[in-house]
Amino acid sequence: MRKNFLRTTAAIGALALGVSLAGCATGASGGGSDGGATAEAVTVGVAMPTETSERWIADGDAVKSQLEEAGYEVDLQFANDDIPRQQQQLDQMITNGADILIVASIDGTALAAQLANAADKGIPIIAYDRLINGTEDVDFYVTFDNYTVGVQQAQSLLRGLGFLDENNEETGQTDPKVIEIFAGSPDDNNTKFFYQGAIDTLQPFLDDGRLTIPSGQVDMDTVSTLRWDQATAQKRMEDLLTSTYDGGAKPLDGVLAPYDGISRGIITALENAGYGSTIEAGLPILSGQDAEIASVKMINDGVQYATIFKDTRKLAAQAVEAATAYAEGEEPEANDSETYDNGVKVVPSFLLESDIVVADNISSLLIDSGYWSEEEVAAGVAQ
Ligand code: BGC
């Protein structure tokens, strides 16, 4: 445990867990006099990157509500994908007395000064979903198995193209297919994991010619999409169609897309170029990520082929568990202590599992689990 942090650990821990201390009043501002410990609210600063994507709104909501249920005070901020704004928000959280920070960064390398300040004050720092790089001052990382997410994105593309069955076994189909690939934001540490998982999975098909990439654009920097921006992805797809596909006259069978917003931008470009408005009508197979409601509707309607479901409720629960460990003066439990090297140290991590969603399992994965309702899927809007 770092210096300064342990105020009245017993009280904080008890408060965090909602347990009453003998002889003490409970509640955020409750204080007993005869137990010797005063229950003091633990404040958790939660920095989220943007509200322009549903995924992060869901994360922010889930983290806030689960922390509040556990008895914490929460200072939740979204930074609109603006790096100086996120830096300022963190400065402000520290000034306002945050005891623990949970941070989903915009740029994984831009927060070192803020985090050094937090560390000086003994504030534990939990990186949320995106690793923070180039600093000693990150204590724990909660995320999904990002390499496997990339593998699943490629597997879903290969299923849609007929090369793999639903168990990801090869079907024996050898018809060559034409694809293009997109990657996420180059400043997000997850991007290279998604990309690598996907490329490793596609490689045998590229090597023997079952897949070709006519534009020749393959390396991560060339195919990346700054800030995961939908309009940027649409523009790159339009440029590819012009440069390589005669504006839409040549066949294109599939596109590897690493996030639902990027998938929707690509689909718009493809529809505008005349590839059709459903897969049945000729739209290429598209992968995705995050099970955003607009894309889940598109999958249900046969427009987008697949997405990857990362249950933000489970990630939030893991972040709360880590925060609670720190509040109790303990270290959170990691299940990976090798993979996530941030350039200064290997950050102990807890990795969660993700699932491929296609039209057939929207009900079992998303509706039955209460992530989206049937009405939301039909409307394509969160209600
Ligand atoms: C997250 C993805 C998300 C992407 C864009 C990544 O860091 O892991 O789930 O699709 O950011 O918001």
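None of the values given here were measured: they were computed from a predicted structure.

Topic: the site of the ligand
Consideration 1: Taken together, Arg55, Trp56, Asp129, Arg130, Asp188, Asn190, Phe194, Trp228, Tyr259, Gln289, Asp290 and Lys310 are the residues near the ligand.
Consideration 2: Interatomic distance of 2.7 Å between a side-chain N/O atom of Arg55 and an oxygen atom of the ligand.
Consideration 3: In the environment of the ligand, an oxygen atom lies 3.4 Å from a nitrogen or oxygen atom belonging to the side chain of Gln289.
Consideration 4: Of all the elements in the fold, those that place two or more residues in the shell around the ligand are helix 2 (54-69) and helix 6 (189-207).

Details of the nonpolar core
Consideration 1: Membership of the largest hydrophobic core comes to 59 residues, with the highest contact counts inside it found for Leu67, Tyr128, Met237, Ile266 and Leu270.
Consideration 2: Broken down by element, the residue count for this core peaks at eight residues, all from helix 11 (residues 312-327).
Consideration 3: If we ignore the near neighbours within four places in the chain, the residues touching Met237 are Phe182, Leu252, Val255, Ile266, Ala269 and Leu270.
Consideration 4: Counting residues in hydrophobic clusters, the runner-up holds 21 residues, among them Val103, Ile123, Ile125 and Ile132.

A few points about the environment of Ala233
Consideration 1: Locating Ala233 in the fold gives a position in helix 8 (residues 230-244).
Consideration 2: Separated by 49 residues in the primary sequence, Ala233 and Gly184 have C-alpha atoms spaced 9.6 Å apart.
Consideration 3: Leave out the neighbours within four places in its chain, and Ala233 touches Phe182, Thr225, Ile262 and Ile266.

Brief notes about helix 4 (residues 112-120)
Consideration 1: Looking at helix 4, one finds that the buried residues are Gln114, Leu115, Ala118 and Ala119. Angularly, the buried residues of helix 4 cover 135 degrees about the axis, an arc narrow enough to put them on a single face. The outward face of helix 4, more than 90 degrees from its buried face, is lined by the exposed residues Ala113 and Asp120.
Consideration 2: Packed against the buried residues of helix 4 are helix 3 (83-95), strand 3 (100-103) and strand 4 (125-128).
Consideration 3: Note on helix 4: the residue one or two positions beyond its end, Gly122, has a positive phi of about 75 degrees.

Here's the deal with the pairing of strand 2 (residues 73-78)
Consideration 1: Across six bridges, strand 1 (residues 43-48) lies against strand 2 in parallel orientation. Bridged to Met48 within strand 2 is Phe78.
Consideration 2: Read as a crossover between parallel neighbours, the route from strand 1 over helix 2 to strand 2 is right-handed.

Observations concerning helix 8
Consideration 1: For helix 8, with 15 residues, the first-to-last C-alpha span of 21 Å sits near the 21 Å given by 1.5 Å per residue.
Consideration 2: All of the buried residues in helix 8 are Ala233, Arg236, Met237, Leu240, Leu241 and Thr244. Considered in projection along helix 8, the buried side chains sweep an arc of 140 degrees and stay on one side of the axis. Exposed side chains of helix 8 directed beyond 90 degrees from the buried face belong to Thr242 and Ser243.
Consideration 3: Of the surrounding secondary structure, the elements contacted by the buried residues of helix 8 are strand 6 (177-181), helix 7 (220-223), strand 8 (254-256) and helix 9 (260-272).
Consideration 4: Just downstream of helix 8 lies Asp246, where phi reads positive at about 50 degrees.

As for the packing of helix 9 against helix 10 (residues 293-300)
Consideration 1: Where helix 9 contacts helix 10, the axes come no closer than 9 Å and their chain directions differ by 55 degrees. Regarding the angle of helix 9 to helix 10, the classification is oblique. Handedness of the crossing formed by helix 9 with helix 10: left-handed. On the side of helix 9, the interface is formed by Asp260, Arg264 and Ile267, while helix 10 contributes Ala294, Ser295 and Met298.
Consideration 2: Grouping the amino acids of the contact of helix 9 with helix 10 by side-chain chemistry returns three nonpolar, one polar and two charged.

So, the pattern of salt bridges
Consideration 1: Within this structure, the stated rule accounts for eleven salt bridges.
Consideration 2: Between Arg55 and Asp59 there is a salt bridge; the shortest N-O distance is 2.8 Å. Here Arg55 pairs with Asp59, and both are found in helix 2, just four residues apart, close to one helical turn.
Consideration 3: Given the relative accessible area of 5%, Arg55 is considered buried.
Consideration 4: In this structure, the salt-bridge partner of Lys297 is Asp301, at a minimum N-O distance of 2.9 Å.
Consideration 5: On the basis of relative accessibility, which here comes to 39%, the residue Asp301 falls in the partly exposed class.
Consideration 6: What you see here is one network of salt bridges that share partners, running through Arg55, Asp59 and Asp129.

A look at the side chain of Ser156
Consideration 1: As for its position among the elements, Ser156 is in helix 5 (residues 146-160).
Consideration 2: Given a relative accessible area of 1%, Ser156 falls into the buried group.
Consideration 3: Engagement of the side chain of Ser156 in a polar contact is seen with the backbone oxygen of Gln153, the distance being 2.8 Å.
Consideration 4: Residue contacts for Ser156: discarding those within four places in its chain leaves Ser287, Tyr305, Ala306 and Ile356.

Topic: the pairing of strand 1
Consideration 1: Where burial is concerned, most of strand 1 is hidden: five out of the six residues are buried.
Consideration 2: Pairing of strand 1 with strand 3 involves four bridges; the strand directions are parallel. Within strand 3, the position partnered with Ala47 by the bridge is Val103.

Definitions and limits used
- Residues numbered from 1 in each chain as written.
- Predicted model: local features only at pLDDT ≥ 70, side-chain atom pairs only at ≥ 80, totals over all residues.
- Heavy atoms only, no water.
- Near = heavy atom within 4 Å.
- Polar contact = N/O pair within 3.5 Å; in protein donor to acceptor, adjacent residues only side chain to side chain.
- Helix = DSSP H or I, 4+ residues; strand = E, 2+ residues; numbered from the N terminus.
- Core = buried A, V, L, I, M, F, W, Y, C linked by side-chain atoms within 4.5 Å.
- Buried < 20%, exposed > 50% of the residue type's maximum accessible area, 1.4 Å probe, protein only.
- Contact = heavy atoms within 4.5 Å.
- Arc of directions from axis to C-beta.
- Pairing = 2+ DSSP bridges.
- Right-handed = clockwise from strand over helix to strand, strands pointing away.
- Expected span 1.5 Å × (residues − 1).
- Axes fitted to C-alpha atoms, helices over the stretch in contact; angles between N-to-C directions.
- Parallel < 35°, antiparallel > 145°, perpendicular 65-115°, else oblique.
- Left-handed = near helix turned anticlockwise from the far one by under 90°.
- Nonpolar A, V, L, I, M, F, W, Y, C, P; charged D, E, K, R; others polar.
- Salt bridge = Lys/Arg side-chain N within 4 Å of Asp/Glu carboxyl O.

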